[in-house]
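Breakdown of the fold
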Amino acid sequence: MNQDYLETQNDLGYGQLLGKLWRRRLWFSGVFLGVIAVSLPSALSQPSVYRSYMEILVESNYQAKDVNSSSSNRYLEKEFADTTIEVDYATHLKVLQSTEILSRVVDKLRLENSVGNKPPTIQDLKSFLTVAQLEQESGKSKGGTETKIIQTVYIGSSPGETKKVLEAVREVYLEYNLEQQKERLSNGLTFINDQIPKARQDLTEAEAALTQLSQEHNLIDPEQEAIALKANIRQITQEREALKAEQSQTVGNYTSIQEQLQLSSNNSLALSRLSQSLRYQNLLNKLQELEISLAEQRAKFTDDNPIIVNLLEEKKTQRALLIGEAEKILGPVSQSLREELTSLPEQKELVGSDTSFVDRITEAQSDLEGIRQRDRALAQTKAELKQQLTNFPSLISEYRNLRQEAEIKRQALQRLLEARQELEIELNRGGFNWQILEPPKPGGKIGTNVRQEVLLSLVVASFLGLTAAFIRETVDDRITNPQEIERHVSLPILGIAPGLTEHSPILARLPFVSNPTQNISTREVIEWQPFREALDLIYENFRLASLNTSLKSLAITSAIAGEGKSTFVLGLALTMARHQQRVLVIDADLRCPNLHKSFNSDNDSGLANYLAGEVDHPTIKQVSVQGETVDLITSGHKSADPVKLLGSAKFKYFLEKEQENYDLILVDTPPVIGMVDAIKVASLCDSTVLMMRLDKVKASELLEAAALLNKLAVLGIVGNDSKKVSRLYESQPRLLTQQV
């Protein structure tokens, strides 16, 4: 919407309001005259009446006692006092005008028999008794701060009656105040006494559940137990770190001994076991002696000397005995150990009985094994502690919940006990009466003002009439003019077509009766000169709007059914034919086809038959109106699944192929709301036009249709059945009589 249009809207705001009022003038007149007919006779026949009043300082006794300064009292009032009687003054006013209170007033007046033979009824009191809260005036302006004073006004037929009624009202009010004070506190005390045993039982159950949880898991406080477990795990971790350091040191010593003897770990362990065998040590010593004797004899003789030969043979035998003894102790001996056992005497490492290195190896191995066993024990203990710790989160959560629940129950019980004590004190104190600031007096005469009553009736009638007219205008959200279209959607308006209707001059003037419309055929509308001229303008707007685009196919749709879409399609096609354009009209409404009915043509074969594969090419019919001819493809037989046919690639191919033979293809589609047919067809066409009938389509329907077509190329909106355009043409008889 451009800026000029906004400025125009602002300038004509009052005109639009008057226009709406004029459109709903019958509603205004009917309500205005009805109110006047009721109010004027009543205003003219008003009798003389008398008015009296009294003022009472209304302040709750219970609330006045430290409620604003004591949080405990506020809590008692909110939680335990009877909530059916509110403390706010709006509730006071309702209560004081209730049927219960007024019935007491009537009973008191009847007992006293102080208002003549006919005391007022409850309905009379409701009509003539007014109870309101006074406001403190602030300077010259009224409506200031509300006070705690309630003014009671009664209008009666005599001065004495007004005074007697107000005196009875005063006594009932004061009695009711004392009753409510006592009932309020008694109800609160009864409620608390009923709640205390249950609160104690709840507390006992909560504490029992907490005790049971501690006994089941043998725990006093799960949180402290969890902290202790974490500390033990950290201590075990530190001990394992120390064992790792000790193990590293022992492994280093053990490796150093092995490196000195140039022995493997397995052979070192085997030698440590052999060193503990006395027989093995004797054989080893004897082998050493043979080695020494052989060395001495070789210094004297050659190797072929019998002495050397005997010594060598004896050495060989001694080695075999040594290996045999080792196998008895160790079992099967590896080749490397055999070599080390036979080479040790040559290296003189085990001379005599010096076996301290064996003790050192044995001790180192024993230390390593002890360290490993202790580390395994610590690891197992740590794993067990961690496993226990995994169960503690849920246990701690359950323990906290139970402890919190027990604490809440304990606090609730404590509040109930305190509340009972406070309410007992308040109940023993008792209440006191409201203070009467202005006692009842004989009523003064109220003079009647006929002119004021008449003016008031006129004002009320005018207000109610305007209200009825604008409510009717607000409720009716149908779009009546192009300006409303622009206000709701941003789509351009391509044109407005007039509506051809036959109006009854008599019925048109009857209140609350809409103008009836006769059934008019499609051909009559198309041949109507104003409609044709409107379509000429719309066609020019089409042409100008599509100058920068290649518009070969156009889908025509509407928000709902009955908006003149099919008639517009045929009219636009004939308009283009008059402009020497080749036009093809396709009826794509496979659910409710109408185009063939306009020319009394059959619909045996058409688009649906072609898309379903029943025919190779749809039948193209030529229709003529006033000498102009357009090509028409009817919808064909009704399909069980029109969405599938309209969304098929075959339909798209057909449109693309026929675009070569025509200047424009107009496709009539079903309404866009409620079905997807129109969107399917519009997605295959170059652009789309939204048709809408004024005074029929609602704003919500227009917005919904625009939203459904939002992602498609929409050329604009065409309005239909404009009464304003029709009246414009009717004012020009030349246009109506002109023929093509």
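Below you will find a few notes about this structure. Throughout, residues of each chain are indexed from 1 in the direction in which the sequence is written. A pLDDT threshold of at least 70 governs which residues receive local features in this predicted model, and a stricter bar of 80 or more applies before side-chain atom pairs are shown or counted, although totals over entire chains, interfaces and linings include all residues. As a rule here, side-chain values cover all heavy atoms of the structure and leave hydrogens and water aside.

Here the focus is unusual backbone geometry. The phi torsion at Gln580 lies on the positive side, around 60°, for a residue other than glycine. Each helix is a run of H or I in the DSSP string that is no shorter than four residues. Each strand is a run of E no shorter than two, and both are numbered from the N terminus. Relative to the helices and strands, Gln580 is located in the loop between helix H21 (565-578) and strand S8 (583-587). Judged by its relative accessible area of 68%, Gln580 is exposed. Each residue is assigned to one of three classes by its accessible area relative to the maximum for its type, calculated with a 1.4 Å probe on protein chains only: buried under 20%, partly exposed between the two thresholds, exposed over 50%.

Glancing now at the packing of aromatic side chains. Here the distance between the centres and the angle between the planes together describe a pair of aromatic rings. Two rings from Phe, Tyr or Trp (for Trp, the six-membered ring) form a pair when their centres sit within 6.5 Å of each other. Planes less than 30 degrees apart are called stacked, planes more than 60 degrees apart edge-to-face, and all others tilted. Applying the stated criterion to the full structure yields three aromatic pairs. Ring centres of Phe28 and Phe32 lie 5.8 Å apart, and the angle between their planes is 20°; on these two criteria the pair is classed as stacked. With a gap of four residues between them, Phe28 and Phe32 both fall in helix H3 (residues 25-44), about one helical turn apart. Taking the relative accessible area as the measure of exposure, Phe28 reaches 22% and is therefore partly exposed. Plain terms: the ring middles of Tyr610 and Phe654 are 5.2 Å apart, the flat faces sit at 50° to each other, and that makes the pair tilted. One end of the pair, Tyr610, is in helix H22 (residues 607-611); the other, Phe654, is in helix H24 (residues 649-658), and 44 residues separate them in sequence. Owing to a relative accessible area of 1%, Phe654 belongs among the buried residues under this scheme. In this structure, Lys650 is placed above the aromatic ring of Tyr610, and the distance from its NZ or CZ to the ring centre is 4.6 Å. The criterion for a charge sitting over a ring is simple: Lys NZ or Arg CZ within 6 Å of the ring centre, and within 35 degrees of the ring normal.

Right, let's talk about the pattern of salt bridges for a bit. Salt bridge, as applied in this entry: a Lys or Arg side-chain nitrogen positioned within 4 Å of an Asp or Glu carboxyl oxygen. Scanning the entire structure with this criterion turns up 14 salt bridges. With a shortest N-O distance of 3.5 Å, Glu171 and Lys108 are connected by a salt bridge. Here Glu171, found in helix H9 (residues 159-216), pairs with Lys108, found in helix H7 (residues 99-112); they are 63 residues apart in sequence, far enough to count as distant. For Glu171, a relative accessible area of 30% corresponds to the partly exposed category. Between Lys621 and Asp602 there is a salt bridge; the shortest N-O distance is 3.1 Å. Pair noted here: Lys621 is in strand S9 (residues 621-625) and Asp602 is in the loop between S8 and H22, with a separation of 19 residues, a long-range link. By relative accessible area, which is 42% here, Asp602 ends up partly exposed. One network of salt bridges, with partners in common, ties together Lys108, Glu171 and Glu175.

Turning to the packing of H7 against H9, a few remarks are in order. Here an angle of 0 to 180 degrees is reported between the N-to-C directions of two axes, which are lines fitted to C-alpha atoms, with helices fitted over the stretch in contact. Interhelical geometry of H7 versus H9 gives an angle of 125° and a closest axis separation of 9 Å. The angle between H7 and H9 places the two elements in the oblique class. Seen from above, H7 lies across H9 with right-handed handedness. Packed against H7, whose contacting residues are Ile101, Arg104, Val105, Lys108, Leu109 and Glu112, the element H9 presents Lys164, Val165, Ala168, Val169, Glu171, Val172, Tyr173, Glu175, Tyr176 and Glu179 at the interface. Amino acids outside the nonpolar list (Ala, Val, Leu, Ile, Met, Phe, Trp, Tyr, Cys, Pro) and the charged list (Asp, Glu, Lys, Arg) are all regarded as polar, and Gly is one of them. Class assignment for the residues of the contact of H7 with H9 results in nine nonpolar, no polar and seven charged. Roughly parallel here means an angle under 35 degrees, roughly antiparallel means over 145, roughly perpendicular means 65 to 115, and every remaining angle is called oblique. Crossing handedness is defined as follows: a turn of the near helix away from the far one that is anticlockwise and smaller than a right angle gives a left-handed crossing, while the clockwise case is right-handed. Note on definitions: a residue-residue contact is assigned when non-hydrogen atoms from the two residues lie within 4.5 Å.

Residues Leu456, Val460, Phe463 and Leu464 make up a contiguous nonpolar surface patch of about 360 Å² in total accessible area. Note on placement: Phe463 falls in helix H17 (residues 450-475). Note that patches include only residues with greater than 30% relative accessible area and no salt bridge, and the join distances are 9 Å for like charges and 5 Å for nonpolar side chains (Val, Leu, Ile, Met, Phe, Trp, Tyr). Only the protein chains shown count as covering a residue, and every accessible area follows the Shrake-Rupley method with a 1.4 Å probe.

This brings us to the nonpolar core. Ranked by size, the top nonpolar core spans 35 residues in total, and within it Phe542, Leu554, Phe568, Val585, Leu666, Val689 and Val718 carry the most contacts. The greatest single-element share of this core, amounting to eight residues, is contributed by H21. What Val585 contacts, discounting residues up to four positions off in sequence, is Val569, Leu570, Ala573, Leu595, Asp631, Leu632, Ile633 and Leu666. Here, the term nonpolar core denotes a set of buried Ala, Val, Leu, Ile, Met, Phe, Trp, Tyr and Cys residues that are joined through side-chain atoms within 4.5 Å.

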